[in-house]
Each structure stands twice: as C-alpha cells, then as structure tokens.
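# Coordinate analysis (summary)
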Amino acid sequence: TQLLEQSPQFLSIQEGENLTVYCNSSSVFSSLQWYRQEPGEGPVLLVTVVTGGEVKKLKRLTFQFGDARKDSSLHITAAQPGDTGLYLCAGAGSGGGADGLTFGKGTHLIIQP
Amino acid sequence: DVKVTQSSRYLVKRTGEKVFLECVQDMDHENMFWYRQDPGLGLRLIYFSYDVKMKEKGDIPEGYSVSREKKERFSLILESASTNQTSMYLCASRTSGAYGYTFGSGTRLTVV
C-alpha cells in the first residue's frame, strides 16, 4: 500500500508571509497532483507534476516534484486570505490514476489578514 | 467545464436502511470513483469503475456496493447503513489518459 505523508497538518500564518507544504513517500509515483478543498466542497485540481525534478508555477504557488518521484512540495509566496483552505497531495501509481489516487491527509492552511 | 453532480448535499438516514448515493458526470468520462473523507483519515477509495458496467474494489469496500449501468452515472449503495458510515462521500471522474480528477461537491451522510 502506498502512503503519502503531508506536513504540516495545520498552518496559520499572517498575510504576506511565505510557506511550504511537504508531501513525502517511500513509494514512487507516476504523477503527483495537488488539490485545494474549501469547506463543504469537493477538492479542485491545482496542478499535476509528472517528471522527476519538474517545477510548475501557478501565480504565487510553486510546485516541485522530487527527482526520484517520491516527494513533492508546494510553496506559496506572499500568502493571501484567499489561499485559505485544505491542501491535498495525491499520487498515481502504475495505473496512472485509472485505479485511484493515494491522498495525503491534507494541510489545513489559514491565512490571517 | 466538466461537471460532476452528486444528488444530495446532506442526507440523514437510520441504521439498517439501504442508502443510494448518486453521481452523474456530463463529459463522457470513462473512469469514476467513490471516496469517503473523514477527519484524521483523509480520502479513502471505496470503489472505482474503468467504464460502464465495470467496477473494482478500492481500499475500503466493505459494507458498500456500486452500480454503473450508464457511462455518466455511478451509484454508491450502502446495503445496511451503520453509524460508522457517517462521513463525507465524494464522487470523482476522469477521462482515460488524463491526470486530474474532477470531484463533485460531496454528500455529507449522517447515519443515526
């Protein structure tokens, strides 16, 4: 069974600060995705990383896939209250995601004005 | 945009009842999934389907079954609801070859 460990579990910071969320595993994933979930809603896909060492940017969010495709990080620059939410990483195994994704338990992020 | 619609946002059922959770997607996606989400446990895969009439067990299928008679609809059935099935249930779909899932808004089920 593949496991994804996310850290930190909870993070509360002031507007304007930077932060990094980590997603680690002992397993290799064919791709890794990051989702954001608002209260009472389903997760929404932010990005998919596929190649080891890949870096993707989405405005103030930077996503990195580890060289060995076992870990990933999400860095937010100059956090804003609108970034508040539950951030989930999810890995696809050899099935490419057709047989489900393994999810981390999530990072609850609160950005205080 | 792809839309995944779950028929109920909130549901309260009694122990022992048979419960049907419905999920419909409108973009002809082959793959569909049912997850449950619980605090401290994250999202766990219950069942998934590669295509119409096909179904596969996920990590926690006990107490559940599924039906996929049409490509756009994937139903989750709780044969005899129990209090430990109180949870947020999330349906998702994906087209073959794509990476990302599109999730519905979820059904918060309470079994009393």
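Attention in this report is confined to the structure presented alongside it. Keep in mind that this is a model prediction, so the values were computed, not measured. (Residues numbered from 1 in each chain as written. Chains lettered and ligands numbered in written order. Predicted model: local features only at pLDDT ≥ 70, side-chain atom pairs only at ≥ 80, totals over all residues. Heavy atoms only, no water.)

### A word on the overall build of chain B
Counting secondary structure elements, chain B contains zero helices and twelve strands. Rg of the C-alpha trace for chain B: 13 Å, near the compact-globule value of 13 Å for 112 residues, within the 12% margin. For chain B, the spread of C-alpha atoms along the principal axes amounts to about 40 × 25 × 25 Å. For chain B, buried positions account for 48% of its 112 residues. Averaging the coordinates of the 16 positive side-chain charges in chain B and doing the same for the 14 negative ones gives two points 5 Å apart. (Helix = DSSP H or I, 4+ residues; strand = E, 2+ residues; numbered from the N terminus. Rg over C-alpha atoms; globule rule 2.2 N^0.38 Å. Buried < 20%, exposed > 50% of the residue type's maximum accessible area, 1.4 Å probe, protein only. Lys, Arg positive; Asp, Glu negative; His and termini not counted. Charge placed at Lys NZ, Arg CZ, Asp CG, Glu CD.)

### A look at the interface of chain B and chain A
Residue-level contacts link 22 residues of chain B with 21 residues of chain A. At the boundary of chain B with chain A, total buried surface from both sides reaches about 1,600 Å², with 55% on carbon and sulfur atoms. For Glu41 of chain A, the salt bridge identified is with Arg9 of chain B, shortest N-O distance 3.3 Å. Summed over the shared surface of chain B and chain A, the result is twelve residue pairs in polar contact (both at pLDDT 80 or more). Taken together, the elements giving at least two residues each to the side of chain B that touches chain A come down to β5 (31-38), β6 (42-49) and β10 (87-94) of chain B. Its residues placed into classes, the side of chain B that touches chain A shows 13 nonpolar, seven polar and two charged. (Contact = heavy atoms within 4.5 Å. Buried area = accessible area lost by both parts, 1.4 Å probe. Salt bridge = Lys/Arg side-chain N within 4 Å of Asp/Glu carboxyl O. Polar contact = N/O pair within 3.5 Å; in protein donor to acceptor, adjacent residues only side chain to side chain. Nonpolar A, V, L, I, M, F, W, Y, C, P; charged D, E, K, R; others polar.)

### Some thoughts on the side chain of Asp83 of chain A
Residue and element names in this part refer to chain A. As for its position among the elements, Asp83 is in the loop between β8 (71-76) and β9 (85-92). Judged by relative accessible area, which is 4%, Asp83 ranks as buried. Reaching out from Asp83, the side chain makes a polar contact with the side chain of Arg60 at a distance of 2.9 Å. Those residues in contact with Asp83, other than ones at most four positions away along the chain, are Arg36, Arg60, Ile76, Leu109 and Ile111.

### Topic: the pattern of salt bridges
Inspection of the entire model under this criterion finds eleven salt bridges over all chains. Lys56 of chain A serves as the salt-bridge partner of Glu54 of chain A, at 3.8 Å between the closest nitrogen and oxygen. Looking at Lys56 of chain A, the relative accessible area reads 32%, which means it is partly exposed. For the salt bridge of Lys53 of chain B with Glu69 of chain B, the shortest nitrogen-to-oxygen distance reads 2.7 Å. Of the two residues, Lys53 of chain B is situated in the loop between β6 and β7 (56-57) and Glu69 of chain B in strand β8 (residues 64-70); the sequence distance between them amounts to 16 residues.

### Considering the pairing of strand β3 (residues 19-24) of chain A
Residues and elements named next belong to chain A. Where burial is concerned, the two faces of β3 differ: the one with Leu19, Val21 and Cys23 is buried and the one with Thr20, Tyr22 and Asn24 is not. The pairing of strand β1 (residues 5-7) with β3 spans three bridges and is antiparallel. Within β3, the residue paired with Ser7 across the bridge is Tyr22. (Pairing = 2+ DSSP bridges.)

### Let's talk about the environment of Asp28 of chain B
Residue and element names in this part refer to chain B. Along the chain, Asp28 turns up in the loop between β4 (23-25) and β5. Classification of Asp28 as exposed rests on a relative accessible area of 51%. At a separation of 3.4 Å, a polar atom in the side chain of Asp28 contacts the side chain of Lys71.

### Observations regarding the packing of aromatic side chains
The geometry of an aromatic ring pair is captured by two quantities: the separation of the ring centres and the angle between the planes. Tallying each qualifying case throughout the model produces eleven aromatic pairs over all chains. Ring geometry for Tyr101 of chain B and Phe103 of chain B: centres 6.2 Å apart, planes at 40°, overall tilted. Accessibility assignment for this pair places Tyr101 of chain B and Phe103 of chain B in one class, buried. Here the aromatic cluster, defined as three or more aromatic residues joined through ring pairs, consists of Tyr35 and Phe103 of chain A together with Phe33, Tyr35, Phe48, Tyr50, Tyr101 and Phe103 of chain B. (Phe/Tyr/Trp six-rings, centres within 6.5 Å; stacked < 30°, edge-to-face > 60°.)

### Comments concerning the sheet that holds strand β6 (residues 55-58) of chain A
Residue and element names in this part refer to chain A. The five strands lie next to each other as β1-β3-β8-β7-β6, forming an open sheet whose pairing is antiparallel. What marks the edges here is a single partner per strand, and that holds for β1 and β6. Strand-to-strand twist of the sheet, defined as the mean angle between neighbouring strand axes without regard to direction, takes the value 15°. Pairing between β3 and β8: six bridges, direction antiparallel. Bridge pairing in β8 places Thr20 opposite His75. (Axes fitted to C-alpha atoms, helices over the stretch in contact; angles between N-to-C directions.)

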